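Examination of the molecular architecture
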Amino acid sequence: MTPTTSDRQPPMIDASACAGCPMHNPGQLQRLGVDMTDWDYVIALAGNPNVGKSTVFNALTGLRQHTGNWPGKTVTRAEGGFVYDGARYKIVDLPGTYSLLSTSLDEQVARDFILFGRPDVTIVVVDATRLERNLNLALQVLAITDRAVICLNLVDEAERSGLLVDDRRLARDLGVPVVPTAARQNRGLDELLAAVNEVATGRFVGRPHRVQSQAAGVGRAVDELTAQLATAFPGLPNARWVALRLLDGDESIIRAVRSGELGELGHQEQIMLEVVR
Amino acid sequence: MDESTLSFLDRLRPLGGWLSRRQRARERRARIDREDALKYIHKTEAKGRRPTLEGVAGALGLTLDEAARLLGNMQTAGLLVDSDGTPRLTAIGRDSALHIIRAHRLWERYLAEETGFAEEDWHGRAEAREHELTPAELDTLAARLGYPTHDPHGDPIPPPDGALEPHGGTPLAGLTADQAGRIVHLEDEPAILYAQLVAEGLSPGQIVRNVTRTPERVHFWTNGDEHVLAPIVAANIFVTPLPGDEAATAVVGRPLTDLPLGESACVVALAAGLRGQERRRLLDLGLLPGTVVTPELRSPGGDPTAYLIRGATIALRAEQARQIRVTGEEGRRGVRERGKAFTPAPQHPFTPAPSSPSGVTNDADN
Amino acid sequence: MSVLATDGRQLSTGDERRLVTDGPRVTPDDILQTAARLRREVGQGFHEQLMADMYADAAQLAGRAVTQPGEAQRFDLDRAIDRIVTSRLWGFPLMILLFTLVFWITIAGANIPSQWLSSLLIGVVYPWLNSAAAAIGVPGWLSGLLIDGVYLATAWVVSVMLPPMAIFFPLFTLLEDFGYLPRVAFNLDNAFRKSGAHGKQALSMMMGFGCNAAGVVATRVIDSPRERIIAMITNNFALCNGRWPTQILIATIFIGGLVPAWLAGFVSAAAVVSIAVLGVAFTFGVSWFLSRTMLRGEVSTFSLELPPYRPPRIRQTIVTSLIDRTIYVLWRAVVFAAPAGAVIWLIANVTIAGQPIAVYLVNFLNPFGLLLGLNGVILLAYVVAIPANEIVIPTVLMLTVLLTGASGIDSGAGVLVQTNSNATILSVLGAGGWTLLTGVNLMLFSLLHNPCSTTIYTIYKESGSKKWTAVAALLPLAMGLIVTFVVAQVWRLVGI
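A quick note: this is a predicted structure, and the numbers were derived from the prediction, not measured.

Some words on the overall build of chain A
When helices and strands are tallied, chain A shows eleven helices and eight strands. The 277 residues of chain A split such that 62% are buried. By sequence separation, contacts in chain A at least 24 residues apart represent 72% of the contacts at least 6 residues apart. With an accessible surface of roughly 10000 Å², chain A has 51% of that area assigned to carbon and sulfur atoms.

Next comes the structure, spelled out in structure tokens:
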């Protein structure tokens with residue numbers, strides 16, 4: 001299916017001159033800083049280290065989180081808020097990680113929030129100049145949730161080094177909205193918010209691309225476990241991913257299966273879908 | 001009178017406190033002997049040999065009298081039965097032995113994955129720790145480690161209620177000169193011989209070639225390095241022979257440290273010596289078989305070298321880079337063929353891109 | 001322990017049978033059993049296969065989306081900069097030049113605002129507070145406690161700490177935002193590797209020259225557990241901002257005084273620098289020691305990304321580094337300094353049998369202090385100055401005046417004092433029985449003692465471990481006691 005949001009975006013080159021000005025306030029954005037009472041939607045902000053995640057966070061919330069040019073700067077998660085289109089959003093800046101599959105503390109914090117924190121939207125900030133490396137994380141997030149928006153950041157740097165990223169093609173391939181931005185110049189944030197809003201309100205339902213394993217034995221094992229999971233927890237949105245994690249011996253997922261917490265995730269998702277319809 | 005009052009009184013009488021401490025230590029010693037004996041008998045049976053009183057005494061460092069008393073006690077406790085002078089494990093004895101083996105191997109795995117202790121320290125630490133762990137603690141440990149199936153020496157870790165599978169290898173000396181084999185197991189006892197294997201850089205998973213032997217020495221090659229070991233040391237290496245075609249296509253490669261600055265190569269394998277968090281970190285960074293790496297900068301001190309890996313510049317130390325094997329000029333073909341395993345299967349929704357832009361895919365040869 | 005060995009495969013067949021009879025019911029335990037069985041079937045390489053699949057897809061998707069219409073860039077600026085800043089020839093000189101510049105700007109730039117702040121807070125506000133308190137009839141003990149104690153200590157810390165930090169941290173942050181600091185770690189990693197530490201420790205150490213608490217926070221960029229703890233414990237050996245004034249003052253008075261006036265400035269500066277270099281040597285030595293003893297079993301990994309250079313955004317950098325680092329560190333220091341001020345005032349002004357408590361304490365500590373080539377006053381000053389190193393010298397002067405009744409200091413006894421005249425200070429300290437040995441050992445002890453309470457608290461928060469916090473607090477103290485003791489004994493033996 002074709003994500004409508006990204007098709008509507010104006011090309012980056014046409015971005016108006018005042019978009020680069022720090023005083024420019026895109027759309028109906030109202031920055032709330034740390035005032036996060038009674039939010040309507042929760043957004044998680046994920047991404048590799050050093051891709052401008054904190055810059056996106058600061059641009060949206062008006063907070064001044066330190067954004068060093070240092071891989072792995074945000075160690076604890078930061079939270080902020082904003083109002084867009086009449087809805088109050090809480091946004092959580094997750095630690096920058098290369099992956100969600102390992103057991104380092106950062107990765108666990110990020111992974112657990114996306115899975116158990118049930119954010120309404122997960123924004124994955126990717127570096128347009130190193131797309132391949134960054135898509136690895138994006139694919140891992142898409143394996144967990146279909147409520148995601150890809151923020152294709154640093155397109156200005158990509159342009160400077162002569163790279164053109166076809167965001168529409170990427171959006172079609174990934175099955176979720178892809179929004180080109182240059183957060184340092186405040187470019188593309190309005191479109192990002194519009195896409196987030198579409199996904200949060202359920203007007204856009206993602207059909208994310210999911211990785212298929214190449215090894216024959218693995219495929220069969222995953223299929224068998226996925227089938228069992230689907231029977232035990234109907235409505236689980238990411239049974240295949242959970243199966244992969246179980247096979248990999250992921251302790252916190254095993255705990256979630258045993259305690260039945262995983263079943264609640266599926267239950268929630270079903271209610272959400274009914275409300276949307 | 002509760003326990004704390006008792007121990008308080010105990011401490012008031014120095015002699016009594018000393019006696020009961022001594023008593024406890026003696027009981028502990030007896031338990032450890034019992035468990036070590038179970039382990040020894042289980043291992044001997046698994047090798048298809050006949051456990052003997054002398055063997056137990058030798059393995060545990062006991063006199064024959066002490067060993068005889070120990071085995072007698074174990075028979076009374078229902079751990080052993082005597083069949084024609086040979087001690088045999090009962091069902092309970094076998095379970096106890098498996099528990100100790102499981103504890104030992106899980107703990108070794110834990111030391112390898114989640115601590116920084118040196119490889120030659122693992123066995124000794126596990127020997128001490130195996131007697132302290134309860135089955136429940138082992139389950140917790142196994143869960144934390146992601147339910148590993150093998151210990152770092154290549155031995156299977158018995159499941160909680162399961163039987164022990166053999167490692168399935170044959171001694172290295174069984175290979176002929178034109179046969180290749182894969183190391184499946186390194187015997188970690190006695191420690192002094194194992195330390196030599198570690199020093200040679202051997203680890204399970206490596207491919208062994210060109211084994212030749214004389215009565216004094218065993219010669220063989222792994223990863224382009226020649227090894228010469230005394231037969232008694234080589235006898236602790238166990239391998240499975242590789243089928244001919246696999247042996248032919250297996251790319252040995254060269255260490256990443258051999259790659260000159262500015263030259264690109266494909267990763268062939270990450271050696272088993274990269275383990276635990278370190279290995280996972282490298283995988284996260286995108287260092288996988290098939291990845292193109294290019295050394296770009298060398299630190300003024302000569303050691304860390306910065307490599308271009310999938311678009312990012314990442315510095316690695318020589319001790320890590322040495323364990324990453326990349327294609328040489330002659331080996332590239334092999335990996336290009338292996339690389340096919342990583343392109344999507346036919347049912348994949350994509351058709352290949354019409355033209356592959358340079359600098360973005362992991363295609364080295366543009 | 002179960003007696004029967006059961007095979008996972010049999011169990012799950014049993015479950016499937018039950019599934020058929022009971023309808024579609026699968027319990028979590030069934031799933032975990034199946035997973036356990038399949039896990040053994042798929043084997044060890046599973047995780048790696050998973051990563052390989054992910055990256056293969058990522059490469060495919062990226063290949064479809066990215067095109068490079070023009071020619072590849074002819075000139076790669078990042079690489080060109082990297083070739084220079086990491087070159088054998090230019091790498092180290094450039095690094096030394098840049099950091100010398102940063103420190104010089106900090107020291108030179110902080111001097112004037114520091115004096116200005118101190119004359120405002122202590123010269124203007126302090127007398128005004130006193131007269132205001134007198135006017136509204138605040139009892140003497142209360143105004144003493146609050147104004148002479150709490151206010152004066154806090155004012156001292158603010159005027160000494162704020163200006164250098166407000167200059168140092170933004171400069172440092174600019175280098176960080178540009179992307180230069182990871183290159184420093186890259187250049188220095190070889191030296192740190194040999195002592196079992198991480199190249200990024202160079203940066204937390206550099207940050208420690210500004211403030212140890214900030215340096216400990218900066219160890220966050222070290223992602224290897226063992227090396228991060230090493231960096232936290234050894235950060236205290238980087239001579240922090242609060243200790244520079246002590247070093248400079250003592251070096252000027254005692255060591256500068258040994259040589260002709262025209263050489264004095266150079267010699268005392270050299271003395272201070274050699275103490276800082278000694279601190280770096282201790283950093284390496286203690287790192288080496290820790291990684292081979294207490295920290296042997298901790299996990300150690302290494303990877304260091306060299307991110308692309310980015311032009312720093314100066315205005316935003318200054319604002320964020322002021323908020324994130326300067327104000328944060330200053331606030332913590334003030335929180336700890338205020339109660340210390342109260343304690344100092346109390347021990348100097350509460351009397352027992354006609355003598356201030358401080359006198360008893362000093363007399364008690366004196367024999368021990370002399371054994372270390374120090375004295376009771378210095379030890380007491382370091383006990384009460386655990387919260388902030390900045391107030392050591394004012395406390396030492398105050399206690400000496402209190403004990404000896406030396407004159408020449410304008411404020412009354414029992415109040416933290418300041419004076420700009422080195423001659424006055426020398427005469428006061430001389431009256432207190434100070435010698436060259438006392439001066440040298442004070443410089444050593446100022447480098448080697450427990451971190452300030454702000455830093456200890458930060459280490460606890462960052463490491464989450466009481467054990468490592470205790471090591472970080474006690475190890476440098478023990479080393480300081482040993483070093484000063486040995487120096488004092490050798491000094492007296494040689495009979496200088």
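Examining the overall build of chain B
The secondary structure content of chain B amounts to 13 helices and 14 strands. Here chain B holds 366 residues, and 47% of them are scored as buried. When the accessible surface of chain B is split by element, carbon and sulfur atoms take 53% of a total near 17600 Å².

With respect to unusual backbone geometry
Even without glycine at this site, Asn186 of chain A takes up a positive phi of about 60°. Relative to the helices and strands, Asn186 of chain A is located in the loop between β8 (178-180) and α7 (189-201). Under the relative-accessibility criterion, Asn186 of chain A is labelled buried at 12%. Here the phi dihedral of Arg310 of chain B falls at roughly 45°; this positive angle occurs in a residue that is not glycine. Inspection of the secondary structure assignment puts Arg310 of chain B in the loop between β12 (305-309) and β13 (312-316).

A word on the pattern of salt bridges
Proximity of charged atoms lets side chains of opposite charge pair with each other. The tally for this structure, following the rule as stated, stands at 33 salt bridges over all chains. For the salt bridge of Arg279 of chain B with Glu48 of chain C, the shortest nitrogen-to-oxygen distance reads 2.9 Å. Of this pair, Arg279 of chain B sits in helix α11 (residues 276-284) while Glu48 of chain C sits in helix α3 (residues 46-65), on two different chains. With a relative accessible area of 15%, Arg279 of chain B lands in the buried category. Taking the shortest distance from any N to any O, the salt bridge between Asp189 of chain C and Arg317 of chain B comes out at 2.7 Å. Linking Asp189 of chain C in helix α7 (residues 181-194) with Arg317 of chain B in the loop between β13 and α12 (318-321), this pair reaches from one chain into another. On the basis of relative accessibility, which here comes to 6%, the residue Arg317 of chain B falls in the buried class. Within the structure, one salt-bridge network assembled from shared partners comprises Arg111, Asp112, Arg245, Asp248 and Asp250 of chain A.

Some details on the interface of chain A and chain C
Counting residues at the interface gives 67 residues for chain A, matched by 57 residues for chain C. Both faces combined, the contact of chain A with chain C buries some 5900 Å², and carbon together with sulfur accounts for 59% of it. Inspection of the region where chain A meets chain C yields four salt bridges. Scanning the region where chain A abuts chain C turns up 14 residue pairs in polar contact (both at pLDDT 80 or more). Elements with a minimum of two residues in the side of chain A that touches chain C: α2 (53-61), α4 (131-144), α5 (155-160), β7 (164-165), α6 (167-174), α8 (216-232), α9 (239-247) and α10 (251-259) of chain A. Take the side of chain A that touches chain C: its biggest share by element is nine residues, from α8 of chain A. The pairing of β7 of chain A with strand β1 (residues 66-67) of chain C spans two bridges and is antiparallel. Bridge pairing in β1 of chain C places Val165 of chain A opposite Val66 of chain C.

Observations concerning the side chain of His185 of chain B
Tracing the backbone through its elements, the reader meets His185 of chain B in strand β4 (residues 181-186). Judged by its relative accessible area of 2%, His185 of chain B is buried.

Notes on the sheet that holds strand β8 (residues 237-241) of chain B
Residues and elements named next belong to chain B. Sheet architecture is open: six strands sit in the order β3-β8-β4-β5-β6-β7, paired in antiparallel fashion. Of all the strands in the sheet, the pair left with one neighbour each is β3 (170-171) and β7 (225-229). Pairing geometry for β4 and strand β5 (residues 207-213), over two bridges, is antiparallel. Its bridge partner lying in β5, Arg182 is registered against Ile207.

With respect to the packing of α11 of chain B against α3 of chain C
α3 of chain C packs onto α11 of chain B with a crossing angle of 15° between their chain directions and a minimal axis gap of 10 Å. Relative to α3 of chain C, α11 of chain B is oriented roughly parallel. At the point where α11 of chain B passes α3 of chain C, the crossing takes the right-handed sense. Across from Arg279, Arg280, Leu283 and Asp284 of chain B in α11 of chain B, the residues of α3 of chain C making contact are His47, Glu48, Met51 and Tyr55 of chain C.

As for helix α6 (residues 140-178) of chain C
Here α6 of chain C contains 39 residues, and its C-alpha end-to-end distance of 54 Å stays within 8% of the 57 Å for a straight helix at 1.5 Å per residue. Directly after α6 of chain C, the chain includes Gly179 of chain C, whose backbone phi takes a positive value near 105°.

Some remarks on the sheet that holds strand β9 (residues 254-255) of chain B
With antiparallel pairing, the seven strands of this open sheet are ordered in space as β9(B)-β14(B)-β10(B)-β11(B)-β12(B)-β13(B)-β2(C). The open sheet has two free edges, formed respectively by β9 of chain B together with β2 (304-306) of chain C, since each of these has just one partner strand. Looking at chain direction, strand β10 (residues 265-270) of chain B and strand β14 (residues 324-326) of chain B are connected through three bridges and run antiparallel. Counterpart to Ala269 of chain B in the pairing with β14 of chain B is Arg325 of chain B.

Focus: a nonpolar patch on the surface
Residues and elements named next belong to chain C. Among the surface-exposed residues, Phe368, Leu371, Ile482, Phe485, Val486, Val490, Leu493 and Val494 lie close enough to one another that they form a single nonpolar patch of about 780 Å² accessible area. Secondary-structure elements contributing two or more residues to the nonpolar patch are α14 (357-371) and α20 (466-494). The element that contributes the greatest number of residues to the nonpolar patch is α20, accounting for six residues. You can see Ile482 is positioned in helix α20. Residue Ile482 is classed as exposed on the basis of its relative accessible area, which comes to 53%.

Side note on the environment of Ile253 of chain C
Residue and element names in this part refer to chain C. One can find Ile253 in helix α11 (residues 244-255). Among the residues examined, Ile253 registers a relative accessible area of 9% and is labelled buried. Taking C-alpha positions, Ile253 is 39 Å from Asn190, a pair spaced 63 residues apart along the chain. Not counting residues within four places of it along the chain, the set of residues in contact with Ile253 comprises Asn422, Ile425 and Leu426.

Side note on the state of the cysteines
All names here are of chain C. Taken as a whole and assessed by the stated rule, the structure comprises zero disulfides over all chains. With no disulfide of its own, Cys211 lies closest to Cys240 among cysteine sulfurs, the gap being 6.4 Å. The closest cysteine sulfur to the non-disulfide-bonded Cys240 is located on Cys452, 6.3 Å from its own sulfur. A residue is classified by how much of its surface remains accessible, and Cys240, at 9% relative accessible area, is buried.

Describing the packing of aromatic side chains
Counted by the stated rule, this structure contains 13 aromatic pairs over all chains. Ring centres of Phe192 of chain C and Phe284 of chain C lie 4.8 Å apart, and the angle between their planes is 40°; on these two criteria the pair is classed as tilted. Of this pair, Phe192 of chain C sits in helix α7 while Phe284 of chain C sits in helix α12 (residues 261-292), placing them 92 residues apart in sequence. Looking at Phe284 of chain C, the relative accessible area reads 24%, which means it is partly exposed. Relative to Phe445 of chain C, the ring of Tyr382 of chain C lies with its centre 5.1 Å away and its plane at 85°, an arrangement referred to as edge-to-face. Of this pair, Tyr382 of chain C sits in helix α15 (residues 376-384) while Phe445 of chain C sits in helix α18 (residues 436-447), placing them 63 residues apart in sequence. As far as burial versus exposure is concerned, Tyr382 of chain C and Phe445 of chain C are alike and both buried. We note Lys90 of chain A situated over the ring of Trp39 of chain A; from NZ or CZ to the ring centre the distance is 4.1 Å. The positively charged end of Arg183 of chain C is found above the aromatic ring belonging to Tyr309 of chain C, 4.1 Å away from the centroid.

Considering the environment of Lys43 of chain B
Relative to the elements of secondary structure, Lys43 of chain B occurs in helix α2 (residues 14-46). Apart from the residues within four sequence positions on either side, Lys43 of chain B is in contact with Arg105, Glu187 and Glu189 of chain B.

Observations concerning the confidence of the model for chain B
Residue and element names in this part refer to chain B. Per-chain confidence: chain B averages 77 in pLDDT, with 80% of residues scoring 70 or above. No element of chain B has a lower mean pLDDT than helix α13 (residues 332-339), at 38, and none a higher one than β12, at 93. For residues 1-9, every residue scores under 50 in pLDDT, and the model assigns this stretch two contacts once sequence neighbours within four places are set aside. Across residues 330-366, where pLDDT falls below 50, the model places 53 contacts with residues more than four positions away in sequence or in other chains. Among the prediction metrics, the complex's ipTM stands at 0.80, with pTM recorded as 0.78.

Cut-offs and rules
- Residues numbered from 1 in each chain as written.
- Chains lettered and ligands numbered in written order.
- Predicted model: local features only at pLDDT ≥ 70, side-chain atom pairs only at ≥ 80, totals over all residues.
- Heavy atoms only, no water.
- Helix = DSSP H or I, 4+ residues; strand = E, 2+ residues; numbered from the N terminus.
- Buried < 20%, exposed > 50% of the residue type's maximum accessible area, 1.4 Å probe, protein only.
- Contact = heavy atoms within 4.5 Å.
- Areas by Shrake-Rupley, 256 points an atom, 1.4 Å probe, with all protein chains shown as cover.
- Salt bridge = Lys/Arg side-chain N within 4 Å of Asp/Glu carboxyl O.
- Buried area = accessible area lost by both parts, 1.4 Å probe.
- Polar contact = N/O pair within 3.5 Å; in protein donor to acceptor, adjacent residues only side chain to side chain.
- Pairing = 2+ DSSP bridges.
- Axes fitted to C-alpha atoms, helices over the stretch in contact; angles between N-to-C directions.
- Parallel < 35°, antiparallel > 145°, perpendicular 65-115°, else oblique.
- Left-handed = near helix turned anticlockwise from the far one by under 90°.
- Expected span 1.5 Å × (residues − 1).
- Patch = residues over 30% accessible without salt bridge, like charges linked within 9 Å, V, L, I, M, F, W, Y side chains within 5 Å.
- Disulfide = S-S within 2.5 Å.
- Phe/Tyr/Trp six-rings, centres within 6.5 Å; stacked < 30°, edge-to-face > 60°.
- Lys NZ or Arg CZ within 6 Å of the ring centre and 35° of its normal.
- pLDDT = per-residue confidence, 0-100.

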